[in-house]
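# Architecture and fold: a report
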Amino acid sequence: MSHRLTGAGIVAGVVGAPVRHSLSPLIHNAWLAGAGIDGAYVPFAPPPERFAAFIKGLRGGAVRGLNVTLPFKEEALALADRASPRAAAAGAANLLVFETDGTLVADNTDGLGLLAAFAEQAPGFDPAAAPVVILGAGGAARGAAAAFAGAGAPQVRVVNRTLSRAQALAEALEGPITAFALSDAAQALAGAGAVINATSAGLSGEAGLDLPLAAAPASALVMDMVYKPLTTPLLAQARAEGLRTVDGLAMLIGQAVPAFEAFYGAPPPKDVDVRKLALAALGQSEGRLKE
Ligand code: NDP
């Protein structure tokens with residue numbers, strides 16, 4: 001079905017600085033076309049120092065809502081009139097919805113996307129069955145820790161290069177969360193059911209984390225939020241050691257599903273292969289199926 005946009009169309013978008021690398025316009029517009037919904041999804045890149053002014057202007061009713069990416073996720077939460085419990089727990093918003101009276105509501109669907117990625121690529125995985133290890137202590141790690149604590153993980157072990165940031169995260173969130181220095185990663189990996197990279201290590205051109213994955217059980221799943229490259233150094237290491245993996249693109253698409261529903265009032269169509277479109281845009285191939 002072709003993309004339909006009339007004067008009655010619903011407009012939403014993504015805001016970031018920079019935003020040109022974002023795959024969200026590709027994903028949402030493909031779903032819009034597939035569902036035959038009258039609407040559009042557009043990128044916005046306001047100067048970072050004018051983000052608050054940009055949001056204030058949109059309270060006039062120009063758009064239904066926004067996805068939010070770096071560096072605006074924390075500021076987006078602060079500017080909202082109301083926040084969902086999961087956005088408050090994550091300390092960041094990746095989704096803003098404008099109500100008809102201009103009220104701004106913040107949400108965070110990254111945790112849902114993370115759990116959806118596990119459900120899709122590791123069917124049968126039970127987040128409540130064993131400790132989970134989260135690498136990193138930034139916004140993405142915080143959202144992941146909140147999601148896994150909420151899903152009943154018996155322990156959430158946050159491992160970070162800067163130990164004090166991991167400790168601050170453990171103190172800020174409710175649940176069985178403990179902090180580890182990167183140098184104590186082997187201790188954190190012992191008995192883990194899942195290991196999640198929520199650092200930017202391994203992003204195109206950057207060195208990966210040097211983790212002692214052999215310290216994790218053979219049944220552990222290894223997930224990387226980085227999706228460019230799709231097969232990150234960590235995922236390649238995990239596969240070489242015989243561990244099952246979950247990739248960051250599944251999370252990206254998973255977080256977009258509830259955002260699409262919030263904007264356009266309908267679930268994305270199931271017959272549009274947005275993963276294939278995203279891989280083509282990234283210049284990547286389906287590494288996980290080949291290996
Ligand atoms: P932040 O900048 O807030 O946090 C970065 C974290 O990475 C910090 O804990 C930092 O440690 C750590 N780090 C950075 N480089 C290294 C390195 N070389 N070695 C060890 N640790 C390192 O980023 P975010 O939390 O917002 O995002 C993290 C990653 O997750 C990004 O790559 C982002 O693109 C990705 N992401 C993917 C999503 C998806 O849908 N797939 C959704 C959200 C995020 P320190 O504290 O010591 O500086």
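Keep in mind that this is a model prediction, so the values were computed, not measured. Throughout this description, residue numbers start from 1 for each chain and increase along the sequence as written. Since the coordinates come from a predicted model, pLDDT governs what is reported: local features require at least 70, and pairs of side-chain atoms require 80 or more to be given and counted, while whole-chain, interface and lining totals use all residues. Each side-chain value is derived from all of the structure's non-hydrogen atoms; neither hydrogens nor water enter the calculation.

## Some details on the sheet that holds strand 9 (residues 177-181)
Heads up, the rule is: Two strands are said to pair when DSSP picks up at least two bridges between them. We count a stretch as a helix when DSSP gives it H or I for four or more residues in a row; a strand needs E for two or more, and each element gets its number in order from the N terminus. Between N-to-C directions, angles cover 0 to 180 degrees, with each direction set by a line fitted to C-alpha atoms, over the stretch in contact for helices.
The 6 strands are arranged 9-8-7-10-11-12 in an open sheet whose pairing can be described as parallel. Across the chains shown, the open sheet's two edge strands, defined by having one partner strand only, are strand 9 and strand 12 (244-246). Taking each pair of neighbouring strands and ignoring which way they run, the sheet shows an average axis angle of 20°. Alignment of strand 8 (residues 156-160) against strand 9, held across 5 bridges, turns out to be parallel.

## Brief notes about the domain arrangement of the chain
The accessible area lost on association of the parts is a frequent measure of interface size. Our working definition: For every domain, the bounds stem from an assignment made automatically or drawn from a database. Note on definitions: a residue-residue contact is assigned when non-hydrogen atoms from the two residues lie within 4.5 Å. Here's the idea: put two parts together, see how much 1.4 Å probe accessible area each one loses, and the total over both is what we call buried area. Basic side-chain nitrogens of Lys or Arg form a salt bridge, by our definition, when they fall within 4 Å of a carboxyl oxygen of Asp or Glu. Counted as a polar contact is a pair of N or O atoms within 3.5 Å, where, for protein atoms, one must be capable of donating a hydrogen and the other of accepting one, and residues adjacent in sequence contribute only when both atoms are in side chains. Note on residue classes: Ala, Val, Leu, Ile, Met, Phe, Trp, Tyr, Cys and Pro are nonpolar, Asp, Glu, Lys and Arg are charged, and everything else, Gly too, is polar.
Taken domain by domain, the chain consists of domain 1 (10-108 + 253-286) and domain 2 (111-246). Computed over C-alpha atoms only, the centres of domain 1 and domain 2 are separated by 25 Å. Between domain 1 and domain 2, the contact holds 17 residues from the first and 14 residues from the second. Between domain 1 and domain 2 the total buried area reaches about 1100 Å² when both faces are included, carbon and sulfur atoms providing 60% of it. Our count for the domain 1 to domain 2 interface comes out at 0 salt bridges. Here domain 1 is connected to domain 2 by 3 residue pairs in polar contact (both at pLDDT 80 or more). When residues of the side of domain 1 that touches domain 2 are traced back to their parent elements, those giving at least two are helix 4 (85-90), helix 10 (248-264) and helix 11 (274-282). Element by element, the count of residues in the side of domain 1 that touches domain 2 is highest for helix 4, at 4 residues. Across the side of domain 1 that touches domain 2, the residue classes tally to 7 nonpolar, 6 polar and 4 charged.

## Considerations on the pattern of salt bridges
Basically, it comes down to this: The buried label goes to any residue with under 20% of its type's maximum accessible area, the exposed label to any with over 50%, and the partly exposed label to all in between, with areas taken from a 1.4 Å probe on protein chains only.
The full count for this structure, using the stated rule, is 6 salt bridges. For Glu-99, the salt bridge is made with Arg-82, and the minimal N-O distance between the two is 2.8 Å. In this pair, Glu-99 sits in the loop between strand 5 (95-98) and strand 6 (104-107) while Arg-82 sits in strand 4 (residues 82-83), placing the two residues 17 residues apart along the sequence. The partly exposed category is assigned to Glu-99, whose relative accessible area is 33%. Residue Arg-82 is classed as partly exposed on the basis of its relative accessible area of 45%. When the shortest N-O distance is used, the salt bridge between Asp-247 and Arg-275 registers 2.7 Å. Of the two residues, Asp-247 is situated in the loop between strand 12 and helix 10 and Arg-275 in helix 11; the sequence distance between them amounts to 28 residues. Each of the two residues, Asp-247 as well as Arg-275, counts as buried. Within the structure, one salt-bridge network assembled from shared partners comprises Asp-247, Arg-275 and Glu-286.

## Here's the deal with the pairing of strand 1 (residues 10-15)
Residues in a regular strand project their side chains so that they alternate between the two faces of the sheet. Put simply, the test is: With its strands directed away from the observer, a crossover is right-handed exactly when the path from the first strand over the helix to the second travels clockwise.
By the criterion of burial, strand 1 is predominantly enclosed, with 5 of the 6 residues buried. Judged from the 6 bridges that link them, strand 1 and strand 2 (residues 39-44) form a sheet pairing that is parallel. Across the sheet, residue Gly-13 finds its bridge partner in strand 2, namely Val-42. Each parallel crossover has a hand, and the one from strand 1 via helix 1 (residues 24-35) to strand 2 is right-handed. The pairing of strand 1 with strand 3 (residues 65-68) spans 4 bridges and is classified as parallel.

## Observations concerning the pairing of strand 10 (residues 194-197)
Alternating residues of strand 10 divide into Ala-194 and Ile-196 and Val-195 and Asn-197, and every residue in both groups is buried. Here strand 7 (residues 132-135) runs beside strand 10; their pairing, made up of 4 bridges, is parallel. Across the sheet, Val-133 pairs through a bridge with Val-195, a residue of strand 10. Two elements, strand 10 and strand 11 (residues 221-224), share 4 bridges in a ladder whose sense is parallel. Looking at strand 11, one finds that Val-195 is bridged to Val-222.

## Quick look at the site of the ligand
Going by this rule: Nearness of a residue to a molecule or strand requires only that one of the residue's heavy atoms be within 4 Å of it. The accessible surface values rely on the Shrake-Rupley method and a 1.4 Å probe; as for residues, cover is taken only from the protein chains in view.
What surrounds the ligand is a group of 23 residues, the closest being Ala-137, Ala-140, Asn-160, Thr-162 and Arg-165. Within the backbone of Ala-137, one N or O atom sits 2.8 Å away from an oxygen atom of the ligand. At 2.8 Å, a side-chain N or O of Asn-160 approaches an oxygen atom of the ligand. With the chains in place, 78% of the 940 Å² that the ligand exposes on its own is no longer accessible. When residues of the shell around the ligand are traced back to their parent elements, those giving at least two are helix 6 (139-150) and helix 10. Considering each element in turn, the shell around the ligand owes the most residues, 3 residues, to helix 10. Here the shell around the ligand is built from residues that sort into 11 nonpolar, 8 polar and 4 charged.

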